[in-house]
Amino acid sequence: MIASIRTGLRSQKTAAVCSVILAVLFILSILAPWIAPHDPVHVNLGVKLQSPSWNYPLGTDQLGRCNLSRLLYGSRISLGFASIIFISSLLIGLLIGTFSGYKGGLIDQVLMRFCEGVMAFPSLVLVLGLVGILGPGLPQVILAMVMVQWVYYARMFRGMVLSLRERNFIAAAKISGSSQWTIIRRHMIPNVLPPIVVMGTLEIGWAIMDIAAMSFLGLGIQPPSPEWGSMIHEGKSYIRSNPELMLYPGMMILIIVVTFNILGEALSERFGVKRRF
Amino acid sequence: MSLLHVSHVTHGYSAFRLFRRAKRSNVLTDVSLSIEPGQCLGLLGTSGAGKSTLGKVILGLEKPQQGQVLFQGVDLYAAHASDRNKLRRDLQVVFQDCYSSVNPRMNAEQIIGEPLLNYEPLSKQEHIRRVEELLEIVGLHPEDRSKYPHQFSGGQLQRINIARAIALKPKMIVLDEAVSSLDMVTQSDILALLCDLKTNFGLSYLFITHDIKAAYHISDALAVMEQGKLAVYCADKEQFMGLQHPSVQKLVQSMLPEHPRLRSGRET
């Protein structure tokens, strides 16, 4: 499986370039505490709104904080929490979707009608509503996003289980004496994994954008913690004099989301997976 | 004692509806038949007659709502799980759609080796040798073992399915339209292979098909299903064509004669 992903990446230059960019960003975000030149929340009004210099490679913001350090620390929040949202909604969706598809009948009908109800709303509006109920703050935003996200995974996994269950090789494996777990391990998971990889790359981009959007609206991460969305929010008062305050985090979001999307598209071509259901 | 005995099997599906009453429909109604060791029973019928469902019930994939399936004298659905596993190795299957019968992410060796891994764990060299042997039995090259399903043609893939079915030297194989999706030449090749295997290994077949010629060619006994019921059972195929039962007549008439000129004569 991993070998097939590797050969797929090698054969496709786009996917390879995107993977390298993302890998660099991930490493930078992990190493942020060691490579950031300054403390990202240290206020020093004496050096506010400076242009790039050796000491402050990307200049400082309106409170004299180092822009580069804030960007680096911000990437930890964006990438880290996007991954958390992806993994938890994936697991919930896997559990409920597989269960629903396997059981069928009334349970399946009720669960799927519920999922369709959730999917009928624009997800951002739904997340906003849930955050309104739960109150602002990063944990609440993440909880709300997971609550909305899992339904997409549930539907995808249900569909996969349904189509796999009808395939003859599952029946043939059963007749060959394979136990239920062997069938899941040997036949189900290898056939379900590629779409998950594709979905994952697309969904993480979506999650990063939504976290930033929530922070921009003042609902997600609270100041002074560095986060790209809240950095744009804080920088917007200085759009005439110092547009770079908005430009830097905006560029980061753009690069990372576009890279994830291109990677997702390239992988979906490679594995022949349709974008969404 | 017969190898397989199906007695009074009734089975149906009900589609679940949220706002309407669930609709029940019987696919099989009171079907009984037996197969002797070494015998091949050809099961004929139009599509939708319940042939494949009966095959699934016999294979232990779908528990019938009523009735029993006795394989080697043991009730398949009442048996303890470990007993059932033991029975399973003597009862194998080849499906119609050879492409969906194999996992696209496994190569020929893994496909054929799967039943061996489950029932006869061998050393790595032994395992490979056994797989190569099986490939040769079904008329493929031993080197083909590292190829993936998309690199095979339909006929070759069906041979791989047959190799998997005979890997454990079973007593009986259910051939569910096993040759129906292949072209005429490949069909006769596969039929010849199946005939050879039958004599060499003493296999029993349940040969499910809608093709009366193929069934006639390979079977010892013939049966016809119609709307979920066993309409005709004929222990000796030589007498089958002479039967006056309407469903037999229909089948015989649907068969094209060898030469078009004969057709007009038959219709009068």
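Residues numbered from 1 in each chain as written. Chains lettered and ligands numbered in written order. Predicted model: local features only at pLDDT ≥ 70, side-chain atom pairs only at ≥ 80, totals over all residues. Heavy atoms only, no water.

J.: Kindly report on the environment of Y73 of chain A, identifying the contributing residues and their values.
T.: All names here are of chain A. With respect to the helices, strands and loops of the structure, Y73 is situated in helix α3 (residues 67-103). Y73 gets classed as partly exposed once you look at its relative accessible area, which sits at 21%. In sequence terms Y73 and G93 are 20 residues apart; their C-alpha atoms lie 30 Å from each other. When neighbours within four sequence positions are excluded, Y73 is seen to be in contact with A32, P33, A36, P40 and P226. (Helix = DSSP H or I, 4+ residues; strand = E, 2+ residues; numbered from the N terminus. Buried < 20%, exposed > 50% of the residue type's maximum accessible area, 1.4 Å probe, protein only. Contact = heavy atoms within 4.5 Å.)

J.: So what's going on with the packing of α3 of chain A against helix α4 (residues 105-120) of chain A? Residues and values would help.
T.: Residue and element names in this part refer to chain A. Between α3 and α4, the least distance of the axes is 7 Å, while the angle of their chain directions is 140 degrees. One finds that α3 runs oblique with respect to α4. The interaxial crossing formed by α3 with α4 has left-handed handedness. Listed contacts from α4 to I96, F99, S100, G101 and K103 of α3 are G105, I107, D108, L111 and M112. Class assignment of the residues belonging to the contact of α3 with α4 gives a composition of five nonpolar, three polar and two charged. (Axes fitted to C-alpha atoms, helices over the stretch in contact; angles between N-to-C directions. Parallel < 35°, antiparallel > 145°, perpendicular 65-115°, else oblique. Left-handed = near helix turned anticlockwise from the far one by under 90°. Nonpolar A, V, L, I, M, F, W, Y, C, P; charged D, E, K, R; others polar.)

J.: I'd love a proper account of the UniProt feature "transmembrane region" (unreviewed entry) in chain A, names of residues and values included.
T.: Residue and element names in this part refer to chain A. The UniProt record marks residues 15-36, 77-102, 114-134, 140-157, 196-221 and 246-267 with the feature "transmembrane region" (unreviewed entry), using the residue numbering of this structure. End C-alpha to end C-alpha, residues 114-134 measures 21 Å, and it is 90% helix and 0% strand. Structurally, residues 140-157 comprises 100% helix and 0% strand, and the distance from its first C-alpha atom to its last is 26 Å. (UniProt positions renumbered as here; feature names shortened; annotations may be inferred.)

J.: Let's hear about the pairing of strand β9 (residues 221-226) of chain B: which residues, and what values?
T.: For a regular strand, side chains alternate in direction, first toward one face of the sheet and then toward the other. All names here are of chain B. For β9, the tally of buried residues reaches five of six residues, placing the bulk of the element in the interior. The pairing of β9 with strand β10 (residues 229-234) spans five bridges and is classified as antiparallel. Among the inter-strand pairings, V224 is bridged to a residue of β10, identified as V232. The antiparallel pairing of β9 with β10 creates a hairpin that spans two residues between the two strands, and Q227 there sits at a positive phi of about 50 degrees. (Pairing = 2+ DSSP bridges.)

J.: Hey, could you go over the packing of aromatic side chains for me, with residue numbers and the actual values?
T.: Residues and elements named next belong to chain A. According to the stated counting rule, one finds two aromatic pairs over all chains in the structure shown. When the centroid spacing of 6.2 Å and the interplanar angle of 20 degrees are considered together, the rings of F114 and W150 count as stacked. Residue F114 is found in helix α4, and its partner W150 is found in helix α6 (residues 138-166); the two are separated by 36 residues along the sequence. (Phe/Tyr/Trp six-rings, centres within 6.5 Å; stacked < 30°, edge-to-face > 60°.)

J.: Summarise a nonpolar patch on the surface; cite the residues concerned and give the values.
T.: All names here are of chain A. A cluster of nonpolar side chains, V17, I21, L247, M251, L254, I255, V258 and I262, forms an exposed patch at the surface whose accessible area comes to about 660 Å². Sorting the residues of the nonpolar patch by element identifies α2 (13-35) and α10 (244-271) as the ones contributing at least two each. It is α10 that contributes the most residues to the nonpolar patch, six residues altogether. Relative to the assigned elements, V258 resides in helix α10. (Patch = residues over 30% accessible without salt bridge, like charges linked within 9 Å, V, L, I, M, F, W, Y side chains within 5 Å. Areas by Shrake-Rupley, 256 points an atom, 1.4 Å probe, with all protein chains shown as cover. Salt bridge = Lys/Arg side-chain N within 4 Å of Asp/Glu carboxyl O.)

J.: I'd like a rundown of helix α6 (residues 184-201) of chain B, residues and numbers included.
T.: Residue and element names in this part refer to chain B. Here α6 contains 18 residues, and its C-alpha end-to-end distance of 25 Å stays within 8% of the 26 Å for a straight helix at 1.5 Å per residue. Listed as buried for α6 are T186, Q187, I190, L191, L193, L194, L197 and K198. Along the long axis of α6, the arc covered by the buried residues comes to 160 degrees, so they all point the same way. Residues of α6 that are exposed and angled more than 90 degrees away from the buried face: M184, V185, T199 and N200. Against β3 (40-44), α4 (124-137), α5 (154-166), β7 (172-176), β8 (204-208) and α7 (212-218) lie the buried residues of α6. With a side-chain oxygen lying 3.2 Å from the backbone nitrogen of V185, the N-terminal cap of α6 falls on D183. Directly after α6, the chain includes G202, whose backbone phi takes a positive value near 65 degrees. (Expected span 1.5 Å × (residues − 1). Arc of directions from axis to C-beta. Polar contact = N/O pair within 3.5 Å; in protein donor to acceptor, adjacent residues only side chain to side chain.)

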